[in-house]
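Fold and geometry: a report
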Amino acid sequence: EIRYGLPGFTAGMGTQVNSTSTSATITGLTPSTTYEFYVRANCGVGNTSPWSLAGSFATLNGVPYFQNFELFTNGSPASEGWFNTATGNPQWLVDAGGTPSSATGPNVDHTSGTATGKYVFLETSGGVAGVADTMVSAPIAVDASQSILELSFWYHFHGASVGSMEAWIIDSSGTLNLIGTIAGQQQPVQTDPWLRAKFVASGYQGQSVRLAFVGIRGASFTGDIAIDDVRLDLPPADEIGITDILRPSSG
């Protein structure tokens, strides 16, 4: 006898699945979701074992997909299937509050709007202009019926030497497709609000894709750029057919 549900549910509660063997297949689960489960032997009325300790499993990421980085550890974004390619500056890192360099980057995250909320940013205290680091998401399964997708994220580009960032989708064959670019300072004042970028893409139905964010360093350390609350979803019906919903200004 198996009981499963979202993390934190009580043993004996949740959704029940029965099996006469030592394995069971559970269907109807939500993509990109972590579940907990308990198991016990049931030999008839009044003849059951105690519930097991809680186990857990996660379903494959699907569309809609959302990442706010809140459960990541400060430092490298190597968590929940994400990773970056550089080992030195410029380098994508996870942080909360302000970035280590002064006069650049946000002072709060977008998700909670607090100094304890987390986001990812490109640390630019080292390196030279034009050097880049790429941050890649976990794989995301696109259903065969999902022919049009919307990639959105919130960004904060404050600093006198902000370079640029490119957003890409990597398809099942490993081909990178450029979705959008943001260049130059976008928030003249550090306390200016985060802005949202939103792009529509098509042709990925039935594939497993990854998102890639290429951060390119500007001329100096005052070029920390940050993103938060990344989402890959289906566009609203009234936006289907528009290839670029919102392209942020460049420069």
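Everything numeric here is computed off the predicted structure, so don't read it as measured data.

1. Structural notes on the sheet that holds strand β1 (residues 2–5)
- If you trace the four strands from one edge of the open sheet to the other, you get β2-β1-β3-β4, paired in antiparallel fashion. Two strands bound the open sheet, and with one partner strand each, they are β2 (15–17) and β4 (55–58). Taking the axes of each pair of neighbouring strands and ignoring which way they run, one obtains an average angle of 30° across the sheet.
- Note that strand β3 (residues 34–39) and β4 share four bridges and pair antiparallel.

2. Describing unusual backbone geometry
- With an omega dihedral of 10°, the bond running from V63 to P64 counts as a cis peptide bond.
- Here P64 lies in the loop between β4 and β5 (65–67).
- The residue after N89, namely P90, is reached through a cis peptide bond having omega -5°.
- Looking at the element boundaries, P90 is found in the loop between β6 (83–84) and β7 (91–96).
- Notably, S32 is not glycine yet its phi reads approximately 55°, a positive angle.
- Looking at where S32 falls in the secondary structure, it is placed in the loop between β2 and β3.
- On the basis of relative accessible area, S32 is assigned to the partly exposed category, the value being 30%.
- Its identity as a non-glycine residue notwithstanding, A103 has a phi of 65°, on the positive side.
- By secondary structure assignment, the location of A103 is in the loop between β7 and β8 (118–123).

3. Quick notes on the side chain of S152
- Position of S152 relative to the elements: it lies in strand β11 (residues 148–157).
- If sequence neighbours within four positions are ignored, S152 has contacts with R196, A197, K198, D229, V230 and R231.

Criteria and thresholds
- Residues numbered from 1 in each chain as written.
- Predicted model: local features only at pLDDT ≥ 70, side-chain atom pairs only at ≥ 80, totals over all residues.
- Heavy atoms only, no water.
- Pairing = 2+ DSSP bridges.
- Helix = DSSP H or I, 4+ residues; strand = E, 2+ residues; numbered from the N terminus.
- Axes fitted to C-alpha atoms, helices over the stretch in contact; angles between N-to-C directions.
- Buried < 20%, exposed > 50% of the residue type's maximum accessible area, 1.4 Å probe, protein only.
- Contact = heavy atoms within 4.5 Å.

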